Amino acid sequence: MSRTVRDATFDVLRRHGLTTIFANPGSTEIPFLTDLPDDIEFVLALHEGSVVGMATGWATALERPALVNLHTTAGLGNAVGALATARVNRVPLVVLVGQQDRRHLALQPFLAGELEGLAGSYPVWVRTPARPQDVPGAVARAWHEARAGRGPALVVVPSDDWSAPAEDGPVPAPAVLRRADAARPEAVDELAALVAGATSPVLVVGADADSPATWRALVRLAERLRCPVWQEPFAARAGFPQDHPQFAGHLPAGRSGLRDALAGHDLVLAVGAPVFRQYPYEEGPLVEAGTTVAIVTDDQEDAHHSPADLAVLADPAAVCALLAERVPDRPGAEPPVVSRAPAPPGPGEGEPLRAAHVMAALAARVPAETVVVEETPSSRPDLHRLLPARSPLGFLSAAMGGLGFGLPAAIGVRMAAPTRPVVAVVGDGSSLYGIQALWSAAHYGVGVLFVVLANGGYAIMDRLAAQRGGKPPWPGFAEVSIAGLAESLGCPARRVADHAALVAALDEVVPTLRERSQPLVLEVAVVSE
């Protein structure tokens, strides 16, 4: 049999390390997926949001693109929210979207779709190849586009393209593409002069500073400047070791609180973070008058929309390493005094569990290299305060703010890093947006600990309604058993209702996190606050 487009595409996938397919299959993908080669692994999730969420976690942990396969309009439509999260989290994905047979698309057959615009502007690149023979080149280019744009790149493939004969010509994409990360000296000189001239600088870090090299450079810079370091409030990852004595905490999400936190500093240097992500809207400036703002980022979008006096578009690690060498030491500056709230004591006799009790119990037990995947909006401040990120990729969440990311992302991270402890801390309401992912964790033996804080409702929404002076129209859902749902999906689960049972469960499970091959859901009953 002659070489097909499918054969040529598998060669492209192998060249770029795309040998794991995250998918929920449909009929338009049968010609591609049937009888996969032995070196191509297929990972099933039961909903497309979980498919993309798992791939996003996998790509995040490995720092390279993951491969996703989606089923025409229904599959892509179900995945749009998760693709948006991947884009805002700056995670590269190569997404193959099945389409109906090319030979009768003009007749609008069943399952045909208007696919190129369905995900809006969230993909970094979308292409339907003009000919079947162009599919391998489009997939190769999608890999480069996903890496360069740090987001999902989509290739729409009609079902009959896979069996068409391939061409012997060159693939229209480079086999290897190298990017130079060096910072331009003149840009660093200008920034160094700005920092050196400040009398009271402060650093603000974000998700794009979450790498070992950037952490090392920022620690050296912060210690040289003897300045506090804040984390921007909605970052998907931690940009600085949060157990460092100069870490000041997470910035407030409103402008008045932001101004108060940054008051007294004449220079704010944001690294790997936009200037400044806020929610909800408040009147007034972002910083006090006379404060200079500079940003260092490799994200063009963040650089272009940030109201900064100076923006340096370059690799944050390279820039900060050079800055730490060039700015003068400040021996006369007093080190910042950072106050940290103590962990709460355990609940008294007859007192209910609170989210803070759970965070404190986890913090006392999980090792420093643990990846904590967060999706608990009402308890996020407690998590930030009590469960600091102590190593790169120590914290992961959805920068987009949408729900359904936490469970599948934790599974993807653990699949990519099978010896690194992974703990997902999610709300019960949040878990229901991606509960199907637990089947994949159980089926593939992914040893994640899922801690589900069960308050029986949408606590954050109830709180926001109360702040508006009214009552919410939505009911609670205390009758929903997350442990029961998990067990129905084949995932082991327990319900924990008191502090003693929580501590006993964590003391049993946490020491096994590195080597365990079985997931576990701990549904922890907490009071709604």
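Residues numbered from 1 in each chain as written. Predicted model: local features only at pLDDT ≥ 70, side-chain atom pairs only at ≥ 80, totals over all residues. Heavy atoms only, no water.

Visitor: Looking at this structure, how should I read the overall build of the protein?
Guide: On a plain count of helices and strands, the protein comes out with 18 helices and 18 strands. For a compact globule of 529 residues, the expected C-alpha radius of gyration is about 24 Å, and the protein comes in at 24 Å, within 12% of that figure. Expressed along its principal axes, the backbone C-alpha trace of the protein runs to roughly 75 × 65 × 45 Å. Counting over 529 residues, the protein shows a buried share of 55%. A separation threshold of at least 6 residues defines the contact pool for the protein, and within that pool the share at least 24 residues apart is 75%. Roughly 21,800 Å² of accessible area belongs to the protein as shown, and the carbon and sulfur atoms make up 53% of that amount. Between the mean site of the 42 positive side-chain charges and the mean site of the 57 negative ones, the protein shows a separation of 3 Å. (Helix = DSSP H or I, 4+ residues; strand = E, 2+ residues; numbered from the N terminus. Rg over C-alpha atoms; globule rule 2.2 N^0.38 Å. Buried < 20%, exposed > 50% of the residue type's maximum accessible area, 1.4 Å probe, protein only. Contact = heavy atoms within 4.5 Å. Areas by Shrake-Rupley, 256 points an atom, 1.4 Å probe, with all protein chains shown as cover. Lys, Arg positive; Asp, Glu negative; His and termini not counted. Charge placed at Lys NZ, Arg CZ, Asp CG, Glu CD.)

Visitor: Is there a simple way to explain the side chain of Q242 in this structure?
Guide: Within the secondary structure, Q242 sits in the loop between β8 (229-231) and β9 (247-250). Owing to a relative accessible area of 6%, Q242 belongs among the buried residues under this scheme. If we skip the residues at most four places from it in the chain, Q242 touches Q231, F247, H250, R340, P388 and A389.

Visitor: Help me understand the nonpolar core, please; the structure alone is not making it clear to me.
Guide: One broad rule of soluble globular proteins: the nonpolar side chains tend to lie buried together. Membership of the largest hydrophobic core comes to 55 residues, with the highest contact counts inside it found for L93, L438, F450 and V521. Aside from chain neighbours lying at most four places away, what touches L93 is V52, A55, T56, A59, A66, L83, A86, A146, G151, P152 and A153. In terms of nonpolar packing, the next biggest core, distinct from the first, is built from 33 residues, V271, A314, C320 and A324 among them. (Core = buried A, V, L, I, M, F, W, Y, C linked by side-chain atoms within 4.5 Å.)

Visitor: What am I meant to see in the packing of aromatic side chains here?
Guide: The relative placement of two aromatic rings is captured by the distance of their centres and the angle of their planes. Scanning the entire structure with this criterion turns up 5 aromatic pairs. Where F32 meets W162, the ring centres are 4.4 Å apart and the plane angle is 25°; that geometry is what we call stacked. You can see F32 sitting in helix α2 (residues 30-33) and its partner W162 sitting in the loop between β6 (152-158) and α6 (185-196), a full 130 residues away along the chain. W162 shares its class with F32; the two are buried. Judged by centre distance (6.4 Å) and plane angle (85°), the rings of W439 and Y444 are edge-to-face. Take W439: its relative accessible area is 22%, and that puts it in the partly exposed class. With a relative accessible area of 27%, Y444 lands in the partly exposed category. Linked through ring pairs, F10, F32 and W162 together constitute an aromatic cluster. (Phe/Tyr/Trp six-rings, centres within 6.5 Å; stacked < 30°, edge-to-face > 60°.)

Visitor: Even after reading the chapter, I still don't get helix α7 (residues 212-225), so can you show me in this structure?
Guide: Every α-helical turn comprises 3.6 residues, leaving residues that sit three or four positions apart pointing alike. A rise of 1.5 Å per residue sets the reference length of α7, with its 14 residues, at 20 Å; its end C-alpha atoms lie 20 Å apart and thus fit the reference within 8%. If you check which residues of α7 are buried, you get T214, W215, A217, L218, V219, L221, A222 and L225. Backbone geometry just downstream of α7 places R226 in the positive-phi region, at approximately 55°. (Expected span 1.5 Å × (residues − 1).)

Visitor: When you look at unusual backbone geometry in this model, what are you seeing that I'm missing?
Guide: The omega angle of the peptide bond from Y279 to P280 is -5°, so this bond is cis rather than trans. Within the chain, R226 stands out as a residue other than glycine whose phi angle is a positive 55°. In this fold, R226 is placed in the loop between α7 and β8.

Visitor: Would you mind going over the pairing of strand β3 (residues 66-70) with me for this structure?
Guide: In regular strands, side chains alternate between the two faces of the sheet. Among the 5 residues of β3, 5 are classified as buried, and the element is accordingly described as predominantly covered. Where burial is concerned, the two faces of β3 agree: the one with A66, V68 and L70 and the one with L67 and N69 are both buried. Bridge analysis of strand β1 (residues 20-23) against β3 gives 3 bridges, and the strand direction is parallel. Within β3, the position partnered with I21 by the bridge is L67. (Pairing = 2+ DSSP bridges.)

Visitor: How should the sheet that holds strand β16 (residues 449-454) be read in this particular structure?
Guide: Within a sheet, each strand pairs with its neighbour through backbone hydrogen bonds, oriented either parallel or antiparallel. Taken together, 6 strands build an open sheet; the order of strands is β14-β13-β15-β16-β18-β17 and the sheet is parallel. The open sheet terminates on both sides in strands that have one partner only, identified here as β14 (395-396) and β17 (493-496). Inspection of the sheet shows strand β13 (residues 371-375) paired to strand β15 (residues 422-427) by 5 bridges, in the parallel sense. In the strand pairing of β15, V373 is matched with A424. The strands that helix α11 (residues 355-363) touches are β15, β16 and β18 (520-525); relative to β16, the one it contacts most, it runs at about 160°. (Axes fitted to C-alpha atoms, helices over the stretch in contact; angles between N-to-C directions.)

Visitor: Got a minute to help me understand the packing of α7 against helix α10 (residues 316-326) in this structure?
Guide: Helix packing for two helices is described by the angle between their axes and how far apart those axes are. As a packed pair, α7 and α10 sit with axes 8 Å apart at the nearest point and diverge in direction by 30°. Accordingly, the angle class assigned to the pair α7 and α10 is roughly parallel. Regarding α7 and α10, the two cross each other, and that crossing is left-handed. In this structure, α7 contributes A213, T214, A217, L218, R220, L221 and R224 to the contact, and α10 contributes P316, A317, C320, A321, L323, A324 and E325. Taken together, the residues of the contact of α7 with α10 sort by class into 10 nonpolar, 1 polar and 3 charged. (Parallel < 35°, antiparallel > 145°, perpendicular 65-115°, else oblique. Left-handed = near helix turned anticlockwise from the far one by under 90°. Nonpolar A, V, L, I, M, F, W, Y, C, P; charged D, E, K, R; others polar.)

Visitor: Looking at this model, I keep getting lost on the environment of D208. Mind explaining?
Guide: Structurally, D208 can be placed in the loop between β7 (201-205) and α7. With a relative accessible area of 13%, D208 lands in the buried category. Contacts of D208, omitting those with residues within four sequence positions, involve R90, R150, G272, T297, D298, D299, D302 and P316.

Visitor: Honestly, helix α13 (residues 406-416) in this entry has me stumped. Any pointers?
Guide: Within α13, 10 of the 11 residues are buried, which leaves the element mostly enclosed by the surrounding structure. Looking only at α13, the buried set comprises G406, L407, P408, A409, A410, I411, G412, V413, R414 and A416.

Visitor: It is not clear to me how the side chain of D428 should be interpreted in this structure. Could you clarify?
Guide: Here D428 is to be found in helix α14 (residues 428-431). Buried charge without a salt bridge: D428, with R495 as the nearest opposite-charge side chain at an N-O distance of 7.0 Å. Leave out the neighbours within four places in its chain, and D428 touches V452, L453, A454, N455, G456, G457, F477 and I482. (Salt bridge = Lys/Arg side-chain N within 4 Å of Asp/Glu carboxyl O.)

It is worth stressing that arrangement in space is one thing and function is another; only the former is reported here.
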